[in-house]
Each structure stands twice: as structure tokens, then as C-alpha cells.
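# Residue-level structure breakdown
Take a look at the letters that make up each chain.
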Amino acid sequence: MSGDNGWPTAELDDVRRLRVMAASILGARVDERVLPRTLDEVWAVMGDLEGGFGRFQPDMRDVRVVRAGQGRVVALARSRFGMRARLEGTLRPGWCWLQSRFLIIGMAAAPEPGGGTRVAVTGGVRVPVRAAIVPLGVRRELDRTLTRLESLL
Amino acid sequence: MTAAPGPGPRNGPPLGSRPARAPSDGRDPHDPGVSLARAALAGDTLAIQDLLAHLAPYVARICGPIALDDGPDAAQEALVAVFRSLRTLREPAALYGWTRAIAVREAVRVARRAARARPAELADLPAPDDPELAADIRDVLTRLSPEHRAVLVLRDLEGLDERAASRLLDIPAGTVKSRLHRARESFRKAWSA
């Protein structure tokens, strides 16, 4: 790929960006899978905060978007155990990053060169006032998230 | 590719003209990158996300010409290095120079690791004002080693002088200058042959 001035430039897709985000947060891990679906098909589920999102994110039950515009979104979420969270962040095709006081949720999807769509997820319970995640059980939760997502597609 | 943020030209001219420095080079306390870095250092992951969106085009613009086909890997690894060590950045105002140094070093490292670069034969390096160059930048770059592509990027894309480029790359300034001179002469001979 070349920029307007003729020099080659590197392309950083959203899955690569999510890996960078996870690297910046202590305790964060990234789980990835390649699904045999188009980006549009995958994101129709992943990016549907009030629908598909709550069906594959393990602890999300009710999610209600209270504000959205210019890529930013604010949503109120309730977990299966009744805890509430005010999630704030960015949502656009292929990218979702949300944080509340005690949660971080990151999702990305990008076309895979060999076919299909690579999806990646990260996040967990946030350590307040730090870019850090409580590392306990993170790998298992992310794996569950992708298994549920796969079953929905 | 969206316009590159941060320092240096956003969509600079071809190799021909030396780009002017952008108004913000991290010294402006109101620079968005610097204020995002401060918020990111305080643990705000939305600020980290926005800082990533701010820096990614800049890093990609540096890594692309140095790592070529491995540019995406180089940009990812450079940004991982930048964000992993963000907490060691004592002065956020130094953000761009710090990021540039990491990006160049990671791009050279990834390109060398990929073993796709040819040995350093600088005979093909053009002068910045060669008009024929614009269409052949990638072709010229593929014939250079990653280290020499890095010199070219720092000099012609980032607008650094040879002394500053040599300092960043830890190469003697005189060596850089003499090699560039010799290379330009060889390139002209190739064109006129």
C-alpha cells in the first residue's frame, strides 16, 4: 500500500490494533479465531450491543444503548448477577472498545487473507485507576466468549 | 490510509522536496497526542485507544518504507513496544521523537528478521530531487537494506538532517553523508547509462 506521496505505508488492521491495546494493559490477553463468515456477517452479531453482544459475552444480560454518535457509544449493562455497569467507548464496524469503572471489553474483526474473518477479543475485570485487568480466569472467559460467538454464526 | 497525525508532513511531497516540520512536534502542551499520553498514563483505556488511533498512521508511515511487505508486522510490534513502555515515558512532550525512534528500530529489526532485504548496496539510492523518483520509490527501496531505508525515511520523510538521523540510528554522521553522496552519483550513472 502506498500513501498519497508514493511512499509505501503499512496497514494496521483492527485485529492488530486490538493486540496493541491488550499489550498496553497489564494482565490482558487476546483470544482469536478465524470464522468462515464475512466481516459484515460477523459484525452484525458482534457489533449489535443490544442484541447479539449480550448473547455471546458471558456475563452480559441486558444492554441498553443510551447514547451513540460519531463512533462513540454509552451503554448501560446488567450482568446475570444483577451488577450494573455504565460502559463508554467506541463502536464502529470491526472495532469495539468499552470501559466502565470495573470492566474493559475489547473486540475486533478483520478479513483474513486466506478467507473468512479473524475475530479477536480481550478484556476482563478492570483494576480501578490503572490500565490493568485482574488476570484470574481471563483466558477461560475469552475462550468461552468466542465459542459462544461461533455458535451464533 | 488516513492522514498521519503527529509530527512531520501528513501527506508530504515525493522524495524530491524536504518536508516542512508540522506545527506540532510534541512541544505544544495543547498537542492532542501529548494530552492523550498523559491520560493514558493515568490508566484511562479510552485515552490509550485514542492515542493508538493518533499514533498508528504515523508509525505505519515510518514502518512501511523500511519494512515493506513486513510493514504491518513492524507497525504492530513498534506500537506494542511504544504502549508497553509508555509508563516509562517520563516526559509526554517527548512522545513523537520517542515513538519515531522505536518505530525505526522495530522496522529495521523486523525487516532484518524477515531476511527479505538485500545486502547494503547503496548504488541505487537517488537524490531527493530526482524527478523520476516518485513512481519508483518502492522499487528503489526494495534494492536497499533496512538500515539504509531507515536513513532515507528519516532524511526525506521525517525531515531530519544527517546528523540527527545518524544519532537516532547510532551511525557516524560522516559515514551516512559519504554513503549517500556515493549512492546518488551511482544512481545518476544508472539513469544516464
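Residues numbered from 1 in each chain as written. Chains lettered and ligands numbered in written order. Predicted model: local features only at pLDDT ≥ 70, side-chain atom pairs only at ≥ 80, totals over all residues. Heavy atoms only, no water.

For clarity, the cut-off: UniProt positions are given in the numbering used here, feature names are shortened, and annotations may be inferred rather than shown by experiment.
Chain B carries the name Sigma-70 family RNA polymerase sigma factor in an unreviewed UniProt entry, which gives Actinomadura logoneensis as its organism. UniProt, in its Sequence similarities (unreviewed entry) section for chain B, records the words "Belongs to the sigma-70 factor family. ECF subfamily."

As recorded in an unreviewed UniProt entry, chain A goes by SRPBCC family protein and comes from Actinomadura logoneensis.

## A word on the packing of aromatic side chains
Residue and element names in this part refer to chain A. What counts is decided by this rule: Only rings of Phe, Tyr and Trp enter the pairing, Trp through its six-membered ring, and a pair is recorded when the two centres are within 6.5 Å. The plane angle decides the type: under 30 degrees is stacked, over 60 is edge-to-face, the rest tilted. Going along the chain from the N terminus, every DSSP run of H or I of four or more residues is numbered as a helix, and every run of E of two or more is numbered as a strand. Burial classes: relative accessible area under 20% of the type maximum marks a residue as buried, over 50% as exposed, and values in between as partly exposed (1.4 Å probe, protein chains only).
Considering all chains together, one arrives at three aromatic pairs over all chains under this definition. Geometrically, the ring pair formed by F53 and F56 is edge-to-face, given 6.1 Å between the ring centres and 80 degrees between the ring planes. Placement of the pair is F53 and F56 together in helix α3 (residues 52-56), with a separation of three residues, close to one helical turn. What makes F53 buried here is its relative accessible area of 0%. Overall, the relative accessible area of 0% leaves F56 in the buried class. Note on W95 and W97: the rings are 6.3 Å apart at their centroids and 15 degrees apart in plane angle, and the pair reads as stacked. A single burial state applies to W95 and to W97, both of which are buried.

## A few points about helix α6 (residues 146-157) of chain B
α6(B) sits mainly inside the fold: eleven of its twelve residues count as buried. The complete set of buried residues in α6(B) reads B:P146, B:H148, B:R149, B:A150, B:V151, B:L152, B:V153, B:L154, B:R155, B:D156 and B:L157.

## Remarks on the sheet that holds strand β4 (residues 84-92) of chain A
Residues and elements named next belong to chain A. This is how it is decided: Strands were regarded as paired on the criterion that DSSP finds at least two bridges between them. Axis definition: a line fit to C-alpha positions, over the contact stretch in the case of helices; interaxial angles, taken between N-to-C directions, run 0 to 180 degrees. Throughout, a residue-residue contact means that at least one pair of heavy atoms, one from each residue, lies within 4.5 Å.
Read from one edge to the other, the open sheet built from seven strands follows the order β1-β7-β6-β5-β4-β3-β2, with strand pairing classed as antiparallel. Two strands lie at the open edges of the sheet, namely β1 (30-35) and β2 (60-69), each paired on one side alone. Each neighbouring strand pair of the sheet contributes to a mean axis angle of 20 degrees, computed without reference to strand direction. The strands touched by helix α2 (residues 39-46) within the sheet are β1, β4, β5 (95-99), β6 (103-111) and β7 (117-125), with β6 carrying the most contacts at an inclination of about 165 degrees. Contacts between helix α4 (residues 138-152) and the sheet are confined to β1 and β7, with β1 contributing the most and set at about 20 degrees to the helix.

## Comments concerning the pairing of β2(A)
All names here are of chain A. For β2 and strand β3 (residues 72-79), the ladder comprises eight bridges, and the chain directions are antiparallel. The residue bridging D62 from the neighbouring strand is R78, located in β3. What sits between β2 and β3 in their antiparallel hairpin is a turn of two residues, with Q70 showing a positive phi close to 55 degrees.

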